Structure formats: C-alpha cells, structure tokens
Amino acid sequence: MNHTERLTRYVANFVDELAKNGLSDVVISPGSRSTPLAMTLTEHEGINTWIHIDERSAAFFALGMAKQTKHPVAMVCTSGTAAANYFPAIVEAYYSRVPLVILTADRPHELRDVGAPQAIEQIKLYGDYVKWFHEMALPEASSKMLNYARSKAARALYLAQEGNAGPVHLNFPLREPLVPDFSIKQLWEQEKEDSYHPAYVGEKILDEPQLKQLLDDLKNKKRGLFVCGPQVSESLAEAITTLALRWNIPILADPLSQIRSGKHDKNHIIDGYDSFLRHEAIRKQLEPDFIIRFGAMPVSKAYLFYVKDHHQTKQFIVEENEGFREPAGNQSTFIFANPILLCKDLTVASEEINCDPHWIGQWREMNTIAQKELFRLKEKNEKLTEGEAIRLLFEVVPEESTLYVGNSMAIRDVDTFFMTTSKTLRLLANRGANGIDGMVSSSLGAAASGEHITLVIGDLSFFHDLNGLLVAKHYQLNITILLINNNGGGIFSFLPQAGDDKHFEALFGTPIDIDFKHAVTMYGGNYSCVLKEEELRIALHKSYKHKGINIIEVKTDRTENLKWHQSKWRAIENEILNREW
C-alpha cells in the first residue's frame, strides 16, 4: 500500500465518522497542506462544505452557523498563520458555549522548528480556549489506525456538545504528496452504521431533599425576582413564565433571553428595567429578598449596579452543567440543573411561595412609565434617532425571524427598545467575549440555514468585518443589515472618556468617514440610506422581499444621540422618583 492510499483511507475514515456522529457542515479556507481534509470532506455525500477564503471571517461564519443550528460545525484550514486567524472566534465560542470542531493541517514533525515555510507552533495553539486538543497521528491504514481515526472523530463531536458546549481542536500533521485518491475501492464502506462511540447522556435535576431545601430557603420571602440573561433555549420561556405566575414574581428578561417574544404569557415580564435601574434611589426602592438568575449575566450595566447595591440579597444562579458566571462578585448559591426541569419541579412543589402583590405591582408600574417615555411619539418629519430605528425594526421584522445583534451600542439599544411581543423572534449575539469583530460573518453563518437573517450593527463593527460579505455573494445568502452609522464608537460617548476633549476623537470616537455604499455595490448588494421613520419602514419591508444582501443605513450624530438617550432616562427617573410608592 503506497503513501497516497494510506493517506486517503485514514482521512476518509476520520471524515466518515464525523458524518456518522452528526456533523453536516464544514467551513473550509483553502490552502495546500489541508488538501486531504478539504477534498475528502467535499467528496463525502453527507457533508455540506462552505468555502471562505478569509480564516478570521470563516471562523465567525462557522460560529454563527453553529449558534443558529445548535449543532457542531467544523472548520478546516492550512498550517501557519491561517490557524492563528481562527483565534478570535474560538475565544468567543468558548465563552458563549458554541460547539465547533477545529481541524488544522500542519507540517509533519520533521519540518517543525527547522525554518520550514508556513510552519508555526500549533500544538495547543488555542490554549485553554478549547475543551479538548489532540495531535492526530501521522496517517496509516492498518485496521488499528483506521479505528483510531474514527475514535478521535467520534470523541471530538461528543466533546464539542457535551456539558457546556464549546470548541475542540484536532491538529493533523500531513506529509506530501497531499492529493487523495478517491478511486480506491471500498473507501467509504463500514460494517457499522452508528457512531464508533455511541453515548447516553442524562439531564441534571435536583432530588427531592434538594428541592425541599431550596423551597425552605425561599419560604416567607415576599420580594423575589427572576432574572433571565442571555440563553438560547426557546423552551425556557413557557417554563419560567408558568413558575412566575405561580409565585406571582416579576421576571427581568434580557433581550437575548428568548423570553421577550413568543406566544407564552408575558404578564410578569419586565423589559424596561435597564432604563429605570440607572438611578441609585430607584435601585434602593426595589430591594429584593432573593434573586434567581437563569442564563448568563444580563447585558444591562444598570442591572449589574442593582445586584452590586444589593449584594447582601440571597442569590441563586442556575447553570445547566457547570460554570461560575457571577461577575458582580456577590456571594451566590449555584444550582446545577436543567433550568426547564427545575422550573417545572418548582411549579409543582411550591405551594407556599407567593410574593407580595405590591412588589410586582411596583415593578410593573415603573416598567409602564419607562415604556411610555421610550415610545413617546415624535414629530412626523423629525430626524430618525438610533433608538427609534431599533424600535421600528422590531415593529416591521417578520414573524418567525432571527435577528443577530452587534455589540457596543447595538445590543444596548436593543435592550432598551425591544419590548415584549407576540411575534416569535430569536435573538442571537456574540456576547461571550463581547467583541465587535466577526459580526457580519456570524450573521451570515446563521443565514446559511436558509433563513433571511436580520443584523443590527454599528459602523465600526461593519467596517471591521466587511470581508464577511463575500460569502453572502458566493452563496446567495439572504440578509437585511440595519447599519447604524454614527461615524465612530458611539458607546464611548456614554463613558467617562467622553469628557477628555483633547484625546477623545482620536482614541475613542475614531471616525472613519467611509461611504459604505461603494462597499455594498462591490459585493453586489442592495443599498439604501434613510433619514425619516417612514423611509426606514418602507426600506425594511422591501428588504425582506429581496434576496441577497440588503443594507439600510441610518446616519446619526453621536453627540445628539447621547443627549437624546439622557433626556429619556431623566424623564423616566423624574416621574418614578416623584411618585408615592
């Protein structure tokens, strides 16, 4: 058996096992050393391949696809800095718990550390940001080594999804010649149709004594609070709102909680808390007896101040598998259990938990005040603001839509202006590491599922990932991008740095003065720039009827935007503080 046959059989068994374990999509960035992997994955009839020439964008594209499908996605690249360009997306996948399988080609051992071209140190390249690393053996075709290849493929798919999902990394040292031979007989035949390593995985639940202890801790407490931060399960909404109804308890719902929209009961959901928890006196009025948080820490900084102000409050954090996500540093009790099953168990067992009607009434009334001011009608011909653009987007976006939301001001305006709705909407964002990089690519990865995706993004984030638009052009992916252009880093206007007139614009404001219309044209997209509310409404409706790239730009002024937001917050605070509670 010659080298080419050994290489082909080895890689084919590995790839076939990936497919047997449920891998259906792989994003390939072309290169020479990765030829055996790229060609074999493309040849396998059970795997869809997506070609993306920019490794950084490719990795974020895979990330978005995995977020949308909730299934692992693989990435393949050649050796050297190509693999290093994956790093930002891998960091994001690790912190946001997204399953990725990273397959990096490498020089064989004899060509490492000897000055060979395109050879860098790839062993444990991503450090602790992957759940598992394995250096694959050099290709062989004995039955023992073909079983080895299948074993590692099955393990990689399992570990990427097991517990808290995340990235895994396999490094493939490969010798030349690199081109596989698919004419080899019986290349894909395998006696067993199932995985090389089938696994049974159960759910974590609290036993009866643990449930009783939890309920005893909460008994006679009348000012409880549920908080639901970023999480991706659509099933949690029904379970947590049913429990909230039973306990008569408010739910602070983050925009990424998947709870603000849908057909479930929303009578106990508070969606405007970020607008009124900004004031210290209001936070003090709303002192809770206990907090139970589901999901990650909410986006809202005002909520962070709230839990810091009430650090003595008994706090429970529900994690499905593991993790200690408590950035406020408060003493907390962690509940490691399936959150949906936990809510159902508490609903059945919690006869003695019933919060004070005045408590939930206070939250509702403050929420109503916030909504009234945030959605106050403006003059018909007045220039569109950033917040109003977000509000209108949620009014127009079609039923059963997925929205990808950029970081910095985009997610914060969504937090403020996305109110509860009966529409079924799914909101995604890269809130693991909260970076602005890769947002275009991630949203297009979500669009690869065939859905028309909506992306809300600022000008700096858009500029940072313009390369990502190429994959939309190649694969005719459908996306509407609401581009909020305030010519720079708008979020810094809300931070203390804004007071430094000497250095602010160069270091933080960072205006880029780009006419994005030309970039959109380059990628074959549809472009429009709007100034007024009705113009935006019409442009959005049209975009959902057009295939391909649709970009609607709203140009705003950072200084005016700051003043507009501050005026809203002051009006909300004044009305609440002047009320008798």
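Residues numbered from 1 in each chain as written. Predicted model: local features only at pLDDT ≥ 70, side-chain atom pairs only at ≥ 80, totals over all residues. Heavy atoms only, no water.

A. Summary view of the overall build of the protein chain. Scanning the protein chain from N- to C-terminus turns up 22 helices and 18 strands. Its C-alpha atoms give the protein chain a radius of gyration of 26 Å, within 12% of the compact-globule value 25 Å for 581 residues. Each principal axis of the C-alpha distribution contributes one length, and for the protein chain these read about 85 × 65 × 45 Å. Scored against the burial criterion, the 581 residues of the protein chain give a buried share of 57%. Total accessible area on the protein chain is roughly 24,500 Å²; 50% of this is exposed by carbon and sulfur atoms. If you average the places of the 63 positive and of the 75 negative side-chain charges in the protein chain, the two averages end up 2 Å apart. (Helix = DSSP H or I, 4+ residues; strand = E, 2+ residues; numbered from the N terminus. Rg over C-alpha atoms; globule rule 2.2 N^0.38 Å. Buried < 20%, exposed > 50% of the residue type's maximum accessible area, 1.4 Å probe, protein only. Areas by Shrake-Rupley, 256 points an atom, 1.4 Å probe, with all protein chains shown as cover. Lys, Arg positive; Asp, Glu negative; His and termini not counted. Charge placed at Lys NZ, Arg CZ, Asp CG, Glu CD.)

B. Quick peek at the sheet that holds strand β3 (residues 73–77). Ordered by their spatial adjacency, six strands build an open sheet running β2-β1-β3-β4-β6-β5, and the pairing between neighbours is parallel. One side of each edge strand has no neighbouring strand; the edge strands of this open sheet are β2 (48–51) and β5 (132–135). Across the sheet, the axes of successive neighbouring strands diverge by a mean angle of 20°, strand direction being ignored. Across seven bridges, strand β4 (residues 100–106) lies against strand β6 (residues 167–173) in parallel orientation. Along β6, the bridge assignment pairs L100 with P167. Against the sheet, helix α6 (residues 143–161) makes contact with β4, β5 and β6, and its axis sits at roughly 165° relative to β5, the strand it touches most. (Pairing = 2+ DSSP bridges. Axes fitted to C-alpha atoms, helices over the stretch in contact; angles between N-to-C directions. Contact = heavy atoms within 4.5 Å.)

C. Layout of the nonpolar core. If you look at the biggest cluster of nonpolar residues, it comprises 56 residues, and the most contacted ones within it are F276, Y306, W363 and L536. Among all residues touching L536, those that are not within four sequence positions of it are L384, A389, L392, L482, V530, I552 and V554. By size, the runner-up hydrophobic cluster in this structure holds 52 residues, among which are V27, F61, L477 and F516. (Core = buried A, V, L, I, M, F, W, Y, C linked by side-chain atoms within 4.5 Å.)

D. View of the packing of aromatic side chains. For the structure on display, the rule yields 23 aromatic pairs. Consider the rings of Y94 and Y129, whose centres lie 5.7 Å apart with planes at 85°: the pair is edge-to-face. With Y94 in helix α5 (residues 87–96) and Y129 in the loop between β4 and β5, the pair connects residues that are 35 residues apart, well separated along the chain. For Y94, a relative accessible area of 34% corresponds to the partly exposed category. Relative accessible area serves as the criterion here: at 28%, Y129 is assigned to the partly exposed category. The rings of F87, Y94, Y95, Y126 and Y129 are connected pair by pair, giving a single aromatic cluster. (Phe/Tyr/Trp six-rings, centres within 6.5 Å; stacked < 30°, edge-to-face > 60°.)

E. Region of the structure containing the sheet that holds strand β8 (residues 251–253). Read across the sheet, six strands follow the order β9-β8-β7-β10-β11-β12 without closing on themselves; strand pairing throughout is parallel. The sheet is open, and its two borders are formed by β9 (269–270) and β12 (333–336), each paired with just one other strand. Strand direction decides the pairing type here: strand β11 (residues 314–319) and β12, joined by four bridges, are parallel. What sits directly across from V318, in β12, is I335. Helix α12 (residues 339–349) rests against β10 (290–294), β11 and β12 of the sheet, and its axis sits at about 140° to β10.

F. How the structure looks around the pairing of β10. Within β10, five of the five residues are buried, leaving the element largely enclosed by the surrounding structure. As paired strands, strand β7 (residues 224–228) and β10 are joined by five bridges and run parallel to one another. Across the sheet, C228 pairs through a bridge with F294, a residue of β10. Here β10 pairs with β11 via five bridges, running parallel.

G. Representation of unusual backbone geometry in the model. Here the amide bond leading from E176 into P177 is cis, since omega sits at 0°, within 30 degrees of zero. When you line up the elements, P177 lands in the loop between β6 and α7 (208–218). Backbone geometry places Q118, a non-glycine residue, at a positive phi of 55°. By the element assignment, Q118 lies in the loop between β4 and β5. Within the chain, Q258 stands out as a residue other than glycine whose phi angle is a positive 65°. Along the chain, Q258 falls in the loop between β8 and β9. For Q258, a relative accessible area of 8% puts it in the buried group.

H. A look at the packing of helix α8 (residues 236–247) against α12. It is at 9 Å that the axes of α8 and α12 come closest, and there the two elements cross at 25°. It follows that α8 is roughly parallel to α12 by the angle criterion. The two elements α8 and α12 meet at a crossing, and its hand is left-handed. Residue-level inspection shows L236, A239, I240, T242, L243, R246 and W247 of α8 in contact with α12, the latter providing P339, I340, C343, L346 and T347. For the contact of α8 with α12, the per-class residue count stands at nine nonpolar, two polar and one charged. (Parallel < 35°, antiparallel > 145°, perpendicular 65-115°, else oblique. Left-handed = near helix turned anticlockwise from the far one by under 90°. Nonpolar A, V, L, I, M, F, W, Y, C, P; charged D, E, K, R; others polar.)

Everything listed is a geometric property; what it means functionally is a separate question.
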